[in-house]
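Close look at the chain arrangement
Each chain, written out:
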Amino acid sequence: MSYFAHESAFIDAGSEIGDGSRIWHFCHIMSGAKLGPECNLGQNVYIASGVVIGARVKIQNNVSVYEGTVLEDEVFLGPSCVLTNISNPRSQVKRQHLYEQTFVRRGATIGANATLVCGIEIGRYAFVAAGAVVTHDLPDYALMMGVPARQQGWMSRHGHVLPFQGSATQIVLCPESGYQYQLENGRVHCLDLAEDQPLPTELSQGQKTYPQFKPSKSIQK
């Protein structure tokens, strides 16, 4: 395999690292961890044994990914966000055999300093705002804010609020990609590209020819 690791990083024997991945200063990849191709790990990232990480995942500085965590393709973990694997830790009680799994599904974003309480599933392309604390499963495309995190709307694959009104079946457009998103039975899906398909190259480069995101008054509350 061909990947880059800074000379200060520790890559333990028995770990698996995909082609094209880049591992920066002071990272530690434990034996038994699996890292997919074309991932990027910022400074001081720790990947525990048993962690499974997909392709093109970006993990920013000062993040620890503990045993029991699965990150699917193209997940983004913001700086200093927190993942856990025991919901009731006590120093005196050994619970290593009781680690709880946390699944972060394809394309989801976890913002800076956000916390995920273990044993939950974060849906595809869900967006957890900076500093939020998530304690339960999230549906695809959910926009979550606050402590504890509450759903404040829906986000497109390109990271824009989808302005659905109420809960009736509706179709709206992402202002950047032009893709159609449908709200139906309390769930959102894209009508133009399946959630497990990669973006076309021409839509994978961000641009600013759309109105800049500004949270609505209802989201700011």
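Definitions and cut-offs
Each residue is numbered by its place in its chain's sequence as written, counting from 1. Predicted model: local features are reported for residues with pLDDT of at least 70 only, side-chain atom pairs are reported and counted for 80 or more only, and whole-chain, interface and lining totals are derived from all residues. Calculated side-chain values reflect all of the structure's heavy atoms, with hydrogen atoms and water omitted. For this analysis, a salt bridge means a side-chain nitrogen from Lys or Arg found within 4 Å of a carboxyl oxygen belonging to Asp or Glu. Secondary structure elements follow DSSP: runs of H or I of four or more residues count as helices, runs of E of two or more count as strands, with numbering from the N terminus. Buried means the residue's accessible area, taken with a 1.4 Å probe over protein chains only, is under 20% of the maximum for its type, while exposed means over 50%, and partly exposed covers the values in between. Ring pairs shown here join Phe, Tyr and Trp side chains whose ring centres sit within 6.5 Å, with only the six-membered ring taken for Trp; geometry is labelled stacked below 30 degrees between planes, edge-to-face above 60, and tilted in between.

**Re the pattern of salt bridges**
One pass over the structure, following the stated rule, counts 6 salt bridges. Two residues, Glu72 and Arg105, come together in a salt bridge whose shortest N-O distance is 2.7 Å. With Glu72 in the loop between strand E12 (69–71) and strand E13 (76–77) and Arg105 in the loop between strand E15 (102–104) and strand E16 (109–110), this residue pair connects regions lying 33 residues apart in the sequence. Here Arg106 ties to Glu74 by a salt bridge, and the two come within 3.2 Å at their closest N and O atoms. Taken together, the residues span a long stretch of sequence, with Arg106 in the loop between E15 and E16 and Glu74 in the loop between E12 and E13 at a distance of 32 residues. Residue Glu74 is classed as partly exposed on the basis of its relative accessible area, which comes to 26%. Salt bridges linked by common partners bring Arg56, Asp73, Glu74 and Arg106 together as one network.

**Points about the packing of aromatic side chains**
Under the definition given, this model contains 4 aromatic pairs. Summarising the aromatic geometry, the rings of Tyr141 and Tyr181 are spaced 5.3 Å apart at their centres and angled 80° between planes, so their arrangement reads as edge-to-face. Placement of the pair is Tyr141 in the loop between strand E20 (133–134) and strand E21 (142–145) and Tyr181 in strand E24 (residues 180–184), with a sequence separation of 40 residues. Each member of the pair, Tyr141 together with Tyr181, is buried. Through pairs of rings, three or more aromatic residues link up here, namely Tyr125, Tyr141 and Tyr181.

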